[in-house]
Every structure is written in C-alpha cells, then in structure tokens.
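# An overview of the molecular structure
Residue strings, one per chain:
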Amino acid sequence: FQRRGGPRADMVPEIAAAVGFVSSLLRTRGCVSEQQLQVFSGALREALAEHYKHHWFPEKPFKGSGYRCIRINHKMDPIISKAASQIGLSLPQLYQLLPSELTLWVDPYEVSYRIGEDGSICVLYEATATKPVSSYGMLTCKNQMMLGRTSPSKNYIMTVSS
C-alpha cells in the first residue's frame, strides 16, 4: 500500500492492533511458545490483509465493518482458526485459549473489541487521519480485567478513556 495525500490508505496499524490483541490472549494462557506466536501473528496478519484488501474504506470507516469483524461466538472465526492451524493448534485448543464470546471490530482509524455478549466495548487502537493517539497490542488493565471472564456480570462497569 502506498501513502498518498489525504486519508491513510494502508491498514497496517489497525491489523497490527488486532493481531497483537489476539496474540496477547494466546500468550496470556501460557500454552503457546513465543516462536509459535510469531508464526501465528504473521499468518493472521497476512490473512487479514488479504481478507480486507477490497473492503477497506478510510473515507467511510464503517463501510464494510461487518465483513471485517472477527467473531468468536461458540463458533471459531475461520481466519483465526486458519492462522492457528499454522502452529498446530486444534479447534478444541483454541476454544480453551480464547474467550468463548469475542467480537473484534477492525475499522480504518479504530480497532475495538468486546468480550461477552453484554460486555463493554474497549478501544485497542484509535487514530486521527494524521496521527495515532493510542498504542496497540498492549495488554492494558482494562483487557487484563476481562481475560478470565467469559462474560462480565450484568452490573460490571468498565470505563474507557482515550
């Protein structure tokens, strides 16, 4: 992807945020080696770039949002399972390592996620058309709090600041 004047046409930081987040979920469980994580991250990065290639609209960030959404809802997202197969992780292993309910939205200028059907939406990466305002792929206190939960309790409140 080439940079031109105006909105950024590449999706590198957004994909890096999504890949970093999913990799950090696998890393936290401690069952995957760093070398395996690197292979998984590379495979997921390539798969997402290919999948999003004709569905990335920086001028209309939410156009194609459903297509770019990564979803685990008691069914594994095929892009994640394909990348995981590159390091020999089976579907049952993936279900043990990742939340049973996860939604990850990868849009131009913003990557956010929700764990659980009624969980809070947390922003992983946010950028203006010119400069990023938050780091990505980091395990922040807000997502560490969510890791052990399949779904937050109804009265669980999480605040997100950007």
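Rules used throughout
Per chain, the residues get numbers from 1 upward, laid out in the order the sequence is written. Local features in this predicted model are restricted to residues of pLDDT 70 or higher, and side-chain atom pairs are both shown and tallied only at a pLDDT of 80 or more, whereas totals for entire chains, interfaces and linings draw on every residue. Excluding hydrogens and water, the side-chain values take into account all heavy atoms of the structure. Helix and strand definitions follow DSSP, with helices as H or I runs of at least four residues and strands as E runs of at least two, each counted in order from the N terminus. How far a helix is expected to stretch is found by multiplying one less than its residue total by 1.5 Å. Think of it in three bands: residues with accessible area under 20% of the maximum for their type are buried, residues over 50% are exposed, and the middle band is partly exposed, with areas taken using a 1.4 Å probe on protein chains only. What the arc measures is the spread of directions leading from the helix axis to the C-beta atoms. Throughout, a contact is declared for two residues whenever any of their heavy atoms are within 4.5 Å. By definition, a salt bridge exists where a carboxyl oxygen of Asp or Glu is found within 4 Å of a side-chain nitrogen of Lys or Arg.

You'll find the protein chain entered in an unreviewed UniProt entry as BTG anti-proliferation factor 2, with Calidris pygmaea given as the organism.

In this model, helix H1 (residues 12-29) (18 residues) spans 26 Å end to end at C-alpha, consistent with the 26 Å of a helix rising 1.5 Å per residue. Burial analysis of H1 places 14 of its 18 residues in the buried class, which makes it a mostly covered element. Two residues or fewer after H1 comes Gly-30, characterised by a positive phi angle close to 75°.

Among all positions of helix H4 (residues 78-85), only Ile-79, Ile-80, Ala-83 and Ala-84 are buried. Down the axis of H4, the buried set is contained in an arc of 130°. They therefore lie on one face. Turned more than 90 degrees away from the buried face of H4 sit Pro-78 and Lys-82, all of them exposed. Contacts made by the buried residues of H4 are with H1, helix H2 (34-52), strand E1 (70-73) and helix H5 (91-97).

One side chain can pair with another of opposite charge once the charged atoms of both are near each other. Applying the stated criterion across every chain yields a total of five salt bridges. Here Arg-68 and Asp-107 are joined by a salt bridge, their closest N and O atoms 2.6 Å apart. With Arg-68 in helix H3 (residues 65-68) and Asp-107 in strand E2 (residues 101-107), this residue pair connects regions lying 39 residues apart in the sequence. Side by side, Arg-68 and Asp-107 carry an identical accessibility label, which is buried. The shortest N-O distance in the salt bridge between Glu-117 and Arg-71 comes to 2.7 Å. With Glu-117 in the loop between strand E3 (110-115) and strand E4 (121-126) and Arg-71 in strand E1, this pair connects stretches of sequence that are 46 residues apart. On the basis of relative accessible area, Glu-117 is assigned to the partly exposed category, the value being 40%. Its relative accessible area of 25% is what places Arg-71 among the partly exposed residues.

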